[in-house]
Structures are given as structure tokens and as C-alpha cells.
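These are the residues of each chain, in order.
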Amino acid sequence: MSSFKKLFKRSSRHASSSIPQSSSTAATEWPVGLDVVYDSPEASLDIVAIHGLNGHREKTWTADNGVHWLRDLLPKDLPTVRILTWGYDANTHASDRVSCQYLYDHALDLVADLTRKRTLTESTERPIIFVAHSLGGIVVKSALIHSDAARQGAQYEHRSVKTSTYGILFMGTPHQGGNGVQLGRALVNIASIFVAADDRILKHLERDSEWLQQQLGQYGTISSEFVTKFAYETYKTHTQLGHKILVVPRASAVVPGQADAEAIGIHSDHTRMIKFSSTDDGGYKKVSENLQIMARSAGETVRSRWETEARVDTARRNDVTSFELPLNLSQVTDVPRFVAREDELRRMHEVLGEGGERRTAILHGLGGMGKTQLAREYIKRHRKHFSAVIWLNARDTTSLQQSFMQAARQIHQHYSSIMYVRNAVQSRDLDEGVDAVKQWLEEPANNKWLVVYDNYDNPKFGVAKNIHRRSNRDASGTMLADERKQTAAPGEDLTQQAFDIRPFLPGTYHGAVVVTTRSAEVELGTYIRVKKLTDPKSCLEILASTSYRQGVDQDEAARTLVQRLDGLPLALVTAGAYLKGVPSTTFADYLTLYEASWRQLQESSPKILSYVDRALYSTWNISFTHIQHQNPASAMLLRLWAYFDNEDLWYELLREGLSSNRKKYVHGIVADKIRFDGAIRVLYNHGLVEADELMRERGGESQGYSMHGCVHSWTQHVLNEEENEESIKMAGVARECVGRHVPGRDAYFMRIKVGWQMQKQCISGH
């Protein structure tokens, strides 16, 4: 590498021949360094644009009508990227600026600037696609050669640029001679656009081109690692000498036979081939569409490359103290578009960030709130903070043990010399697998890991209290059909499924742990409550990304649907999945079906991969089964709530039912305040109800509680699906409670969804 540094180092003779300029004037006329022209909060790709000779960081990409296509057009086609332009002094105000030796100095600056920017924005491993015009392509090639050569002790941080580069769009870049045109002559052609090149400059460039050709020969050894597009001009360009030429003809702009490469003709001249006035420009369409295609595969390819880089680096060091594992989140399906939750992500990082002791975050919330996806998104954003991430399914002991064994296999794959891990994998004994992974996590030097215990919804700590050993039946003796499918077999005691997670936690006091759960009883760390989404814009984004429909934010019915689904991610994703499969069904149609045929609509909706085997109509059945075993009064309260308004229910209102001849339905709930609090506590611990902050003051009466609208629909259409004598009696209890206690009860009933037949019976006096 040192020989090439000598070859391409700018000579003092060249430097002395430049025309003096003040630094402030140069900085104004020729802005240098990186400029972010667009940055999405969800950016997963960097597009970096490099101008050519006599180019400008902004003007090069700006059409005569003032449209800067990288800033004004491309973000509409690629909304989740960051777009940067990079400027350097390529002005031809002196002959030495045409020197190819000078281009190599710029290449070093490009790598350094990108490395700093991406380090400071925690995006070092984000994929890169370069867009390079004219001699800017030579700068990019030189930059990648330099980055590839970086090693430990020799600007190793610069290596990240090459590792992250997925593709390059060369636009009018001379790569070689063709049809008798030597590379040096092609360089002179470019210079002639701006200066009247004399024989001295011609010789100068021809001499440099030999060095340049030798340097670019190194690029051939790494070029196959990138997806490459060769754009070439088809129109001639005016030169300073008064004639027109094809500055970089196709034979020079396209490298024949290069792997994973494609030639693209742009119907414009050399200087205008990178200026697009609108999205209708044919050249823009070709460029944008090629960038969109490259963007689709960039993430997976670059992620795999970084994982390979880590394995090779570990093998090179033969470091037996290394505990790094490549990220593997294959157990959890990603959502099409993760939105909102910035406060929760920030809170998680406050808990799980740097620290030498054990850090534990408990993500608690209603089923369907997106706890699993929140944990996955946190890992994607902060993976570089952890040497290894292990994802475990904690739904039950068997699932958890199997996840531990899967983790043991992953560790063994990368560290086959660790004897206790090898023995556990070979024995296939699940208990040994658990012990081996825990031992690996407990190694003193292995203190930067993160372990996720997902779906720990059935906890058991110490001696279980208030556990009623009975079959899976509700208070009336009926069993839920979906419950048989998704929980224990009929008659099986759920106390046998509940388990204590603590023996599965590593014993040493280091590392980071995330537990996702529906139960508030899991008090093993910092408690982070995952609540419904409150920003309608975020809800509309989910609806748009899952339904694959445009203009959702302008659709009034879509806005109404978002209000009805009340910020529950599972409900939004379910609605989007249904609408995706039936393009002729409008948001207004879906809303009508939701109100009139809730159960049938939910059963007809496609399965949601990102929510495992849970559907909106069945996701809370497992919670109801747990509630039945913990406190039958809580289960009865849940069923009875179907006949009240979901937004407000309180103790004194329910106590009115004790005066009814149907008081058996409320006696176990409101015989006294302690029983009511006990029944509510179980529902609250499962995330099914919330304290109603808006109704805290009620003239001396106790605070009320509210239930999510989607949960309320589930109580109506699943828990109380059958229309029988008992359901009519419960509806009557609700009517009597409201009639005796609520002033303006007509308004109260109007808030109840009157489309449900059972509530019509309730209001009409049945």
C-alpha cells in the first residue's frame, strides 16, 4: 500500500502552481465534506453521492429549474434512507487540479469523513450505495481500495466503509480505454469541458493515467463484491475548444464481463446526465428504479458480510476469550414497518445501556400491544452494544428448554472448542443445554450479552396463592372452544404449566435481560408498561404498510377505523392484512363488517406471522384461562363488563346489582371493596384494564376503570358469544345497575356499541 501512497501523493510542485484563494472564499464556492440532504428517522441505508471534475456538492445534482433530485425527488421513492452528498475541491482553476494523484488524496478524505459521520450517528454497519459522477467514480474506487487495505494498527476503522458498501452507480466514469481510446485520453476529454487542454496537460494526464490504471487494477480484485451499474451518456458535450464530443463513450464507461453489473444508457450529455428536473425525466426513472432494486437486498447482504467479518477476525486472532455471536432473530418475524414507541425504546436503553452489573427490563402489557416487536426493534437499533443476543421462547418450560438448546447449537457452531457446550449439543439433553448456555453466559469475561425471555405470560413465584384447582371452565361452567386449541388440554390444571423463570436466569450479576410478559407479577427488574399507540399518524402508517394501500392518511374512513381500533397494533395489523387480500373492500366496508360481524371477520382474517399463532379473537383466551384459575370473580367481572360501557366501570355502580334478584352475578365481585379490588387487580395484572384517570373525581365515589375497545369487543363476541338465558340475565344486571345509579343513563347507554344484539336486549328491558 505504501508504494501507491507514494504514487498518488500530491507533489509539492503541483501544489505550488495553484492560484491562491482565501479559505473562506473556497469554502463558500466549493463546499467540501459531507452534507445530509435527507435523513429518515427509520433510515436503514446510506446513499452517498460524489461529484466529478469541476463539480459542486449541490449544483452538480441540481437541474435548471432548481430541482435537486437527491433532495427533492429520491426520498419519495426511497423514504427510509439517508442521502448524503460529498464535496471536494475538484476545481480546474489550476492545471494541478486535473492530476489523478490529487484524486487519491480526496479518496482518503472521503473514507475518513464517512467513517466519522457513521460512527457519531451509530450507523457504522448501515449499508452504503454510492452514486458517482465522472471522475468521482475514480475517487470512490480509490476509497474502496484504501478501505479494503485497512487492518489492525493501520486505520482499521476505515475498513467499515468497504464492508458496508453494497452497490455503486457509476455515471459517466472512465474505467478503461476502448476503441483505441486510452484512459489518459478519456481523462483529457473530461478536462476539456472546463479548460482548453494543451499538450502539457495532455502529457501530464497520460502519465498519471498509467499510475491510475495500475491502481485501478487493484479494484478488480474486490469489484465482484459490489452490485454495479454503469451509466453512460448517449449525447455529445460541448468543450472549451468549441467542438462536441462523447466525453466518456460507452466503451470506456462500461466494464465488460464484470460480475453482477449492468449497463444503463442515459439520454443526455456528460454534464447533464446527473441533473433531473422531475420524476418524469427518463434518466431519473432509470436511476431511481435501479437504486430501489439495490436497496431491497442491501440490508441482508451487508448484515451477512459484517457477521462474516466478525468470524474471520475472531479466527485470525484465535481469541478463546471472544464471546461474540452473529445476530440471529429468525425466531421472530419482523413487521413491515415499525413505528412510534420512541419513548419506550429510549427507556429501554436507559435500563439496558452500558454498565458492569445486571440490567433487566420487564416489558409488560396487554396481549397484542407489540411487546415482542418492541424488543426486536431495540436489538436492531442497539446490537453493537452487545457481543451476543440470545432469544428464548418462555411460553412454557419445554419451549424455553428447546430455545436454550438452539442457543447452545449456535454457540457450538462458532466456538466448537468449548467442551461443555459441545457435550450438551451432542447429548441432546435439554437440561444439559440449559446448563451449558447459562455457564457460557456466566463466564467472567462474557459480560456484554443480551438475553430475551419472550412471552413469559404464566409466572409462578414461590407458593401459588389464590389458585383454584379446577378445570378450564368459566363461572357458568362453559369452556371456550379456542381455549382448548391454544392452552392446556380440557381439564388440565394450568398451575402445572406455570413456572418460575428465575432458575433459567444466569447466576452471575452481569449482562442484560429483557422479559416480555402480560403479567404484572414479574417483578424481576425495571418495569416498562407497553400501552396503546396514541398518535393517529403512527396507527395510519401501520394500516398503510400492512394493507399496501396509498393515501391512507387522506381516507376519512381509515381515520375512523384507527379511532375504533384505539392504538392496538395487533388489531391494526389484522385489519391491514385483511384489506390487503381483498383490494375491492374499502376502509368503510371493513368498519361496517367490524361493527356488524366482529367474530366472523376476525376468523376470516389471514394469520399474522409477526404475532405467532395469536389472532385478535383468540389472543386473550389464554389470559382468561389464567384469570379463571386465579380468581373466578375476576373472570365473572370480565364477562359482565361486556354489558357495560368499556370506558368507565366503578365499584359503586356494580354494587347496585346487589339489590337485583340476579345478584349472584355480582355478589362475589362487590360484596365488599376488598373483593372488588382483588377482582380488578387480577385483570389489571394481565393488562386487560387500566385505571381511568379521567374519572378520578366522582363526588366521593371510587376511581373507575376502563377496558380497551378491542378487548371489550372480545368480551362481547367470544366470552359471551352464545345468546342464552344467562347472557340475558347478565345484560339485565347491567341495565339495573345503570338505571339505579347513573344520572343521564341514556347517554351512558349511547356509548355502548348498539350494533351488538345482546346489548339491544339489555337496553330494551329483556
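Residues numbered from 1 in each chain as written. Predicted model: local features only at pLDDT ≥ 70, side-chain atom pairs only at ≥ 80, totals over all residues. Heavy atoms only, no water.

> Lay out the overall build of the protein in plain terms, naming residues and giving numbers.
Counting its secondary structure elements, the protein contains 32 helices and 16 strands. The proportion of buried residues among the 766 residues of the protein is 55%. Taking all contacts inside the protein whose residues are at least 6 apart in sequence as the whole, residues at least 24 apart take part in 78%. For the protein, the accessible surface area stands at approximately 33100 Å², while carbon and sulfur atoms represent 48% of it. (Helix = DSSP H or I, 4+ residues; strand = E, 2+ residues; numbered from the N terminus. Buried < 20%, exposed > 50% of the residue type's maximum accessible area, 1.4 Å probe, protein only. Contact = heavy atoms within 4.5 Å. Areas by Shrake-Rupley, 256 points an atom, 1.4 Å probe, with all protein chains shown as cover.)

> Account for the pairing of strand E2 (residues 46–50), with residues named and values stated.
Regular strands place their side chains on alternate faces of the sheet. Counting buried positions over the five residues of E2 gives five, a clear majority of the element. What you see with E2 is no split at all: Asp-46, Val-48 and Ile-50 on one side and Ile-47 and Ala-49 on the other are buried throughout. In this structure, E2 lies alongside strand E3 (residues 82–87), joined through five bridges in parallel fashion. Across the sheet, residue Ile-50 finds its bridge partner in E3, namely Trp-86. Here E2 runs beside strand E4 (residues 128–133); their pairing, made up of five bridges, is parallel. The partner of Asp-46 across the bridge, within E4, is Ile-128. (Pairing = 2+ DSSP bridges.)

> Residue-level account of helix H28 (residues 673–685), with values.
Here H28 contains 13 residues, and its C-alpha end-to-end distance of 18 Å stays within 8% of the 18 Å for a straight helix at 1.5 Å per residue. Taken together, the buried positions of H28 are Phe-676, Gly-678, Ala-679, Ile-680, Val-682, Leu-683 and Asn-685. Put simply, Asp-672 is the residue that caps the front of H28, since its side-chain oxygen is 3.2 Å from the backbone nitrogen of Ile-674. (Expected span 1.5 Å × (residues − 1). Polar contact = N/O pair within 3.5 Å; in protein donor to acceptor, adjacent residues only side chain to side chain.)

> Lay out the sheet that holds strand E5 (residues 165–171) with the relevant residues and their values.
Across the sheet, seven strands lie side by side as E1-E3-E2-E4-E5-E6-E9; this open sheet has mixed pairing. The open sheet has two edge strands with one neighbour each: strand E1 (33–39) and strand E9 (261–266). Shown here is a sheet whose adjacent strand axes are inclined to one another by a mean of 20 degrees, direction ignored. In this sheet, E5 lies alongside E4 in parallel orientation, the contact comprising six bridges. Paired with Ile-128 across the bridge in E5 is Thr-165. Against the sheet, helix H7 (residues 136–149) touches E2, E3, E4 and E5, its axis set at about 140 degrees to E4. (Axes fitted to C-alpha atoms, helices over the stretch in contact; angles between N-to-C directions.)

> Help me get a handle on the packing of aromatic side chains, residues and values and all.
This model, assessed by the stated rule, comprises 19 aromatic pairs. Between the aromatic rings of Tyr-651 and Phe-676, the centroid separation amounts to 5.5 Å while the plane-to-plane angle is 50 degrees, which identifies the pairing as tilted. Taken together, the residues Tyr-651 in helix H26 (residues 651–655) and Phe-676 in helix H28 connect sequence positions 25 residues apart. The exposure class assigned to Tyr-651 is buried, which follows from its relative accessible area of 9%. Among the aromatic residues, ring-to-ring pairing joins Trp-61, Trp-69, Phe-276 and Tyr-284 into one connected group. The ring of Tyr-684 has Arg-529 lying over it, and the distance from NZ or CZ to the ring centre is 4.4 Å. Arg-549 extends its terminal NZ or CZ atom over the ring of Phe-587, reaching a point 5.7 Å from the ring centre. (Phe/Tyr/Trp six-rings, centres within 6.5 Å; stacked < 30°, edge-to-face > 60°. Lys NZ or Arg CZ within 6 Å of the ring centre and 35° of its normal.)

> Explain the packing of helix H19 (residues 536–547) against helix H21 (residues 569–581) to me, using residue names and the numbers behind them.
Interhelical geometry of H19 versus H21 gives an angle of 35 degrees and a closest axis separation of 7 Å. For H19 against H21, the interelement crossing comes out right-handed. Together, Cys-539, Ile-542, Leu-543, Thr-546 and Ser-547 of H19 and Leu-572, Val-573, Ala-575, Gly-576, Ala-577, Leu-579 and Lys-580 of H21 make up the contact between the two elements. Class assignment of the residues belonging to the contact of H19 with H21 gives a composition of eight nonpolar, three polar and one charged. (Left-handed = near helix turned anticlockwise from the far one by under 90°. Nonpolar A, V, L, I, M, F, W, Y, C, P; charged D, E, K, R; others polar.)

> Give a detailed account of the packing of helix H20 (residues 556–565) against H21, specifying residues and quantitative values.
Packed helices, taken two at a time, are described by the angle their axes make and the gap between the axes. Following both chains from N to C, one finds H20 and H21 inclined at 140 degrees, their axes separated by 9 Å at the closest point. In terms of axis orientation, H20 runs oblique to H21. Judged by the twist between their axes, the crossing of H20 over H21 is right-handed. Residues Leu-561, Val-562 and Leu-565 of H20 form the contact with H21, whose participating residues are Ala-571, Leu-572 and Ala-575. For the contact of H20 with H21, the class distribution of residues is six nonpolar, no polar and no charged. (Parallel < 35°, antiparallel > 145°, perpendicular 65-115°, else oblique.)

> If you had to explain the pattern of salt bridges to someone new, which residues and values would you point to?
One side chain can pair with another of opposite charge once the charged atoms of both are near each other. Applying the stated rule across the entire model yields 28 salt bridges. Between Asp-500 and Arg-502 there is a salt bridge whose closest N-O contact spans 2.7 Å. Residue classification places Asp-500 among the partly exposed residues on the basis of a relative accessible area of 21%. Given a relative accessible area of 42%, Arg-502 falls into the partly exposed group. Notably, a salt bridge pairs Glu-726 with Arg-639, separated by 3.5 Å at the nearest N-O pair. Of this pair, Glu-726 sits in helix H30 (residues 725–741) while Arg-639 sits in helix H25 (residues 632–640), placing them 87 residues apart in sequence. (Salt bridge = Lys/Arg side-chain N within 4 Å of Asp/Glu carboxyl O.)

> Break down the nonpolar core for me, with residues and values.
Among the nonpolar cores identified, the biggest contains 98 residues, and Trp-641 and Phe-644 are the most heavily contacted of them. With eight residues, H21 is the single largest residue contributor to this core. In this structure Trp-641 touches Asn-646, Leu-649, Ile-680, Leu-683, Val-689, Tyr-705, Ser-706, Met-707 and His-712, once residues within four positions along its chain are discounted. (Core = buried A, V, L, I, M, F, W, Y, C linked by side-chain atoms within 4.5 Å.)

> Describe in detail helix H14 (residues 371–382), supporting the description with residues and values.
Relative to the 16 Å expected for twelve residues at 1.5 Å per residue, H14 spans 17 Å between its end C-alpha atoms, a close match to the ideal helical length. Counted residue by residue, H14 has ten buried out of twelve residues, so it is predominantly covered. Restricting attention to buried positions, one finds in H14 the residues Lys-371, Thr-372, Gln-373, Leu-374, Ala-375, Arg-376, Glu-377, Tyr-378, Ile-379 and His-382. Here the buried face of H14 lies against helix H13 (342–352), strand E10 (359–364), strand E11 (388–393), strand E12 (449–454) and strand E13 (512–517).

> Which residues make up the sheet that holds E10, and what are the values?
Strand order across the open sheet formed by five strands is E11-E12-E13-E10-E14, with parallel pairing between neighbours. The outermost strands of the open sheet, each flanked by one partner alone, are E11 and strand E14 (526–529). Put simply, the sheet's adjacent strands are angled 15 degrees from each other on average, direction ignored. With four bridges connecting them, E10 and E14 associate as parallel partners. Bridge pairing links Ala-361 to Thr-526 in E14.

> I'd like to hear about unusual backbone geometry, residue by residue, with values.
Located in the positive-phi region is Ser-134, a residue other than glycine, with phi close to 55 degrees. Position of Ser-134 among the secondary structure elements: in the loop between E4 and H7. Unusually for a residue other than glycine, Tyr-548 sits at a positive phi of about 55 degrees. Mapped onto the elements, Tyr-548 comes out in the loop between H19 and H20. Among the residues examined, Tyr-548 registers a relative accessible area of 56% and is labelled exposed.

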